[in-house]
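Report on the structure
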Amino acid sequence: MNLEGRKIIVNKSSSELAGMLKNPQDYKDLMPESLQNFEAREDGFKFGLKGMPEIALKIENVSEKEVVLKSASSSLDFALTGTMNPVSESQTEVQLLFEGKFNPFIKMMVEKPLQNFINSLTDKIEQL
């Protein structure tokens, strides 16, 4: 299952964004309004949204070109990638891409909430 967020322009350089996205605590500011709990860890974070199970993510890779977050749970196989393309010294084009391997039943249940989550993250990133 692949989902895409819309492409946005962020008023930060790709190096500023990469610096921010290396810090697990900074992801709390990007979470949707429905956030119920957030716990930063050494290499990632865990969060819970209203009406959804808790999700633990590991920060796999952060560069000036992309950020890759992977599921920290062995029962869920997915990755959330943020691509970053510099537009100018102070602006970066960002797009979120979700790739997950789910059975058809799980896919049916999570596809809409995940797309809403990606859209919400995109809105928050755009406001940076």
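All figures in this text were calculated on a predicted structure; none of them were measured in a lab.

Examining the environment of L57
Along the chain, L57 falls in strand 5 (residues 55-62). Accessibility expressed as a relative area gives 7% for L57, which makes it buried. C-alpha separation for the pair L57 and P24, spaced 33 residues apart in sequence, amounts to 9.5 Å. In this structure, L57 is in contact with D43, G44, F45, F47, L69, K70, S71, A72 and F78, ignoring residues within four places of it in sequence.

A short note on the pairing of strand 7 (residues 77-86)
Sheet analysis places strand 6 (residues 66-71) next to strand 7, joined by 5 bridges and oriented antiparallel. Bridged to V67 within strand 7 is G82. Hairpin geometry of strand 6 and strand 7 is characterised by an intervening segment of 5 residues between the two adjacent antiparallel strands. Where strand 7 meets strand 8 (residues 92-101), 10 bridges bridge the pair, whose relative direction is antiparallel. For T83, the partnering residue across the bridge sits in strand 8 and is Q95.

Quick notes on the layout of surface pockets
For the largest pocket, the calculated volume is near 350 Å³. M52, P53, I55, V110 and L114 are the residues nearest the centre of the largest pocket, which is lined by 19 residues in total. Those elements giving two or more residues to the lining of the largest pocket turn out to be strand 5, strand 7 and helix 2 (104-126). The greatest single-element share of the lining of the largest pocket, amounting to 7 residues, is contributed by helix 2. For the lining of the largest pocket, the class distribution of residues is 17 nonpolar, 1 polar and 1 charged.

The rules behind these values
- Residues numbered from 1 in each chain as written.
- Predicted model: local features only at pLDDT ≥ 70, side-chain atom pairs only at ≥ 80, totals over all residues.
- Heavy atoms only, no water.
- Helix = DSSP H or I, 4+ residues; strand = E, 2+ residues; numbered from the N terminus.
- Buried < 20%, exposed > 50% of the residue type's maximum accessible area, 1.4 Å probe, protein only.
- Contact = heavy atoms within 4.5 Å.
- Pairing = 2+ DSSP bridges.
- 1 Å grid on protein atoms, 1.4 Å probe; cavity = no way out; pocket = protein on both sides within 12 Å on 5 of 7 lines; lining within 4 Å.
- Points joined across faces, edges and corners; volume = space filled by probe spheres on them.
- Nonpolar A, V, L, I, M, F, W, Y, C, P; charged D, E, K, R; others polar.

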